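Residue-level structural notes
One-letter residues, chain by chain:
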Amino acid sequence: MYSFEPNEEQQMLVDAVGKYAANDLRPAAHEAEESRELPKKLIGKGWEIGLLQASTPEAYGGFGERSAVTGALAVEEMAFGDLAGAYAVMTPSLFATPILLAGSEEQKKQYLPEVVGGDWRPYTAALIEFAFDFDANALRTSATLDGGEYVLNGEKAYVPFAKGAEAILVYANLDGQTQGFIVPKDAAGLTVSEEREKLLGLNALPLYRVKLDGVKVPVSNRLGGEAGHDFEPILASMRVASASAALGVARASLEYATNYAKERQAFGVKIAQKQAVAFMLAEMATEIEAIRLLTWEAAWKLDTGKADAATEAYLAATGAADMAMMVTDRGVQVLGGHGYIREHPVEMFMRNGRGFAMLTGLAIV
Amino acid sequence: MTIEFEAPKPVVQMQTVLQTVAENMMRPVSREFDENEHSIPWSYIEFMHTAMKSMGGGNGLTPREDKPKEGAEKRPPIGYQLLAAQIEMLAWGDVGFYLITPGGGLGGAAVQAAGTPEQRAKFLARFAEEKPTYAAMCMTEAGAGSDTSAIRTKAVLDESTNEWVINGEKIFVTGGDKSFNAYEQLGKGFIVVWASIDPTAGRAGMRAFVVESGTPGVKVTKLEHKMGIRASDTAAISLVDARVPFDHILGSPTVEKTTTGFKGAMATFDATRPLVAASGIGVARAALEFLKEKLAENGVQIRYGLPRNKLTSVERDVIDMEIMVKSAWLMVLKAVWMADNKKPNALESSMSKVRAGDVTTKVTQKAVEILGPLGYSREFLLEKWFRDAKITDIYEGTGQINRLVVARQILGYSGSELR
Ligand SMILES: Cc1cc2nc3c(=O)[nH]c(=O)nc-3n(C[C@H](O)[C@H](O)[C@H](O)COP(=O)(O)OP(=O)(O)OC[C@H]3O[C@@H](n4cnc5c(N)ncnc54)[C@H](O)[C@@H]3O)c2cc1C
């Protein structure tokens, strides 16, 4: 069957996340971006909603099953509040979800209860590298097997909460394949930059460079154990998350611009009554809906194990990157000069909106 | 409810069957009927009529209340979903042919949406009869296109005979010829004519009338020559003192201070816009598949999964086109799924039409561009699809009119607040 409505359980979750996004994340977003800091309490409150916990089976300390569709809904809603805050709340998933998807039984038992069990703690992952032609399937960071251990060399960028992280899931190139390696915080040869990344957007989110200089990890720390894992479903899940986050940011921009356009007066009418403005809003809404359905379909294909799930996720993420740029650009345009002033959030949405083209790997469903 | 994208079995079966029809009955003669405008592909028409009847339909391309077999598990209705899938596949074959698939078409849809149960029974039964039969919808006039409230055609009740007397000139009637003129091969059709029963009442005075084929005073005065969809006849129809029985009016015969008459027309559009969108997407998919095929023949493979800045320009274009076509189709599916489940879908319906209008034109235009001299050549059907595609953004509400509908919906504005 075709069907386009979240089930009851999903709707409850969306409502819970939506409340947090509107009442907590959004009101804090401006101050967080300006001061480059997310309050710990804010992150903690988001963590307590239990997105990750609800997608981790009981055997590993959670209380549910993971669903990419549910994840997509939740990520959109969370990012609607604030992208930096959303990424912060969900950072532990970057570490835990790949283990859930591809980890060995031993890894699941060892790490999941610890991540999921208590308060929010900085478990994270490092995928992105600082190169214009960065390609998640052709990493520069290398892994080599040497005397029963893997040796990791290279540099990672945009690693959330790397400083003080309990453990980092580092992706590296092993014989041409992208593989994950669990690197504990005190590993020799691991250095986290003192300074945070300075970016066009996402200023509230603490992101770091991470150097791996001959970091050695035992074979059992390779994601999936000795046999390793397939990276494709992990990347696809990251792409679905990225597309969903893009939807949230775009929707935030559309909503703000729509409300503004119904208040702002020009030439004797509300600007929303002018077609040039109304058509921008109509096109923003249409574009968002188109990409949302594509993203949901990709998520559903991941959940049902369809053969073309990864391609669909790629298409959704690619389309979402353009959609987010187009929509958030127009969000500023609808507000005119006022949109350019930082008191209104639309310029931040626009700066955040640009990131989806290059920042796959900061969230996962 | 849930979120799910599994095509229902009847939809998949239908698509398989119709793909064969498209490949064998449409594509091989597409060019011929494009080049010989106003000639009629009878073999397609007769084949489709027989085929649809034998498949238990026989009502042409109209949504059916599907009755699940006894003992079968009850499932939600999928009439409009099935219809959208049919239309998409037929249009993939040839959208001009799709438009002359026998059945009620837009005229039947108007009766379905605005007629009483008695009227539906009376006017729609004919499509399941022996011969292929058509109906058409006449709204547009020379002075009234997007602004439907400007129609001048009038209907006056002659109380002595209890008949409506209609006068006016209609243009751009899809299927007007086959619905109104008598052909030996065809059953008796009708046209649905929009007219005002009270010109001072504006939209509140607008009503639709069923005018039977052959009604005296009604004449097809012209068949248009078009950029594309040439297999489909587009007629001008004049009505001079045309008389129709009292009960051929769809909706109330008196003018209330409301706009229910006009709302009847709009209700029709909510149902038909996603279907027109579906027809456009069929053309776009045909163009995209042809493009990929030609590229593959020439050794160009699309490397999905690569970062964009590592892709060639052609790969980027193709990937973008795929995103467009896929997402546009999903929007149609959502709009018709809402229709099937009786959810108000004015927003989704118009959004799907906006998107399809954009996507269909962009994709066909880009495909011609990418294939260069091959794209421009009449040796292939691609250039024809480029011409066929453009109508998607024009009829059933232009792209601009549907943007207005979408904007009013999201802003909560009325027609007078946002014109
Ligand atoms: C092949 C074909 C088949 C057709 N079939 C049928 C049919 O079966 N039955 C039928 O009744 N009609 C039919 N039509 C008519 C069709 O629906 C109209 O052509 C269409 O609605 C546009 O009207 P118009 O051509 O008068 O253009 P206009 O209304 O004059 O529009 C011209 C331009 O102005 C824009 N515009 C108009 N109003 C606004 C506004 N308020 N805001 C912003 N922009 C605006 C339009 O978008 C368009 O770009 C058909 C047309 C064609 C070409």
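Residues numbered from 1 in each chain as written. Chains lettered and ligands numbered in written order. Predicted model: local features only at pLDDT ≥ 70, side-chain atom pairs only at ≥ 80, totals over all residues. Heavy atoms only, no water.

Okay, the domain arrangement of chain A next. All names here are of chain A. When cut into domains, chain A gives domain 1 (8-120), domain 2 (124-227) and domain 3 (232-357). Relative placement of domain 2 and domain 3: their C-alpha centres are 30 Å apart. Domain 2 puts nine residues into the contact, and the matching count from domain 3 is six residues. Three residues, Leu-127, Tyr-171 and Leu-200, lead the burial of domain 2 against domain 3; their summed loss comes to 53% of the area buried on that side. Viewed at the interface, domain 3 and domain 2 are joined by zero salt bridges. (Domains from an automatic or database assignment. Contact = heavy atoms within 4.5 Å. Buried area = accessible area lost by both parts, 1.4 Å probe. Salt bridge = Lys/Arg side-chain N within 4 Å of Asp/Glu carboxyl O.)

Turning to the interface of chain A and chain B, a few remarks are in order. With 47 residues of chain A at the interface, the matching set in chain B holds 47 residues. Both sides together, the interface formed by chain A and chain B hides about 4600 Å², and carbon and sulfur atoms give 65% of it. For the chain A face of the interface with chain B, the top three residues by lost area are A:Met1, A:Tyr2 and A:Phe4, together amounting to 20%. At the junction of chain A with chain B, the criterion picks out eight salt bridges. Close ionic contact of B:Arg308 with A:Asp322 constitutes a salt bridge, the shortest N to O distance being 3.1 Å. For the pair chain A and chain B, the number of links is 21 residue pairs in polar contact (both at pLDDT 80 or more). (Polar contact = N/O pair within 3.5 Å; in protein donor to acceptor, adjacent residues only side chain to side chain.)

Turning our attention to the pattern of salt bridges. Summed over the entire model, instances satisfying the criterion amount to 51 salt bridges over all chains. Put simply, B:Glu88 and B:Arg285 hold a salt bridge, and the shortest N to O gap is 2.6 Å. Of this pair, B:Glu88 sits in helix α3 (residues 79-99) while B:Arg285 sits in helix α7 (residues 260-297); the two residues are 197 residues apart in sequence, bridging distant segments of the chain. Using a relative accessible area of 4% as the deciding quantity, one classes B:Glu88 as buried. A salt bridge links B:Asp158 to B:Arg243; its shortest N-O distance comes to 3.0 Å. Pair noted here: B:Asp158 is in strand β3 (residues 154-158) and B:Arg243 is in strand β8 (residues 234-245), with a separation of 85 residues, a long-range link. Exposure remark for B:Asp158: the relative accessible area of 19% places this residue in the buried category. Each member of the salt-bridge network shares a partner with another, and the members are A:Glu76, A:Glu77, A:Arg251, A:Glu289, A:Arg292 and B:Lys334. (Helix = DSSP H or I, 4+ residues; strand = E, 2+ residues; numbered from the N terminus. Buried < 20%, exposed > 50% of the residue type's maximum accessible area, 1.4 Å probe, protein only.)

Inspection of the entire model under this criterion finds 17 aromatic pairs over all chains. Ring plane angle 55 degrees and centroid distance 5.4 Å describe the contact between A:Tyr171 and A:Phe231, whose orientation is recorded as tilted. Highlighted residues: A:Tyr171 in strand β5 (residues 167-174) and A:Phe231 in the loop between β8 (207-218) and α7 (232-263), separated in sequence by 60 residues. Classification of A:Tyr171 by relative accessible area gives buried; the value is 0%. Both rings, one in A:Trp300 and one in B:Phe5, keep their centres 6.0 Å apart while their planes meet at 55 degrees; by these two values the pair is tilted. With one member in each of two chains, A:Trp300 in helix α8 (residues 275-303) and B:Phe5 in strand β1 (residues 3-5) form a pair that bridges those chains. Summarising the burial analysis for this pair, A:Trp300 and B:Phe5 share the class buried. Three or more aromatic residues joined by ring pairs make a cluster, and in this case those are A:Phe4, A:Trp300, B:Phe5 and B:Trp337. Looking at A:Arg26, its charged tip hangs above the ring of A:Phe80, at a distance of 4.8 Å from the centre. A cation over an aromatic ring shows up here: B:Arg27 above the ring of B:Trp92, its NZ or CZ 4.2 Å from the ring centre. (Phe/Tyr/Trp six-rings, centres within 6.5 Å; stacked < 30°, edge-to-face > 60°. Lys NZ or Arg CZ within 6 Å of the ring centre and 35° of its normal.)

All names here are of chain B. With respect to the helices, strands and loops of the structure, Val-21 is situated in helix α1 (residues 9-35). On the basis of relative accessibility, which here comes to 8%, the residue Val-21 falls in the buried class. With residues up to four places along the chain from it excluded, the contact list for Val-21 reads Met-26, Tyr-44, Phe-47 and Met-48.

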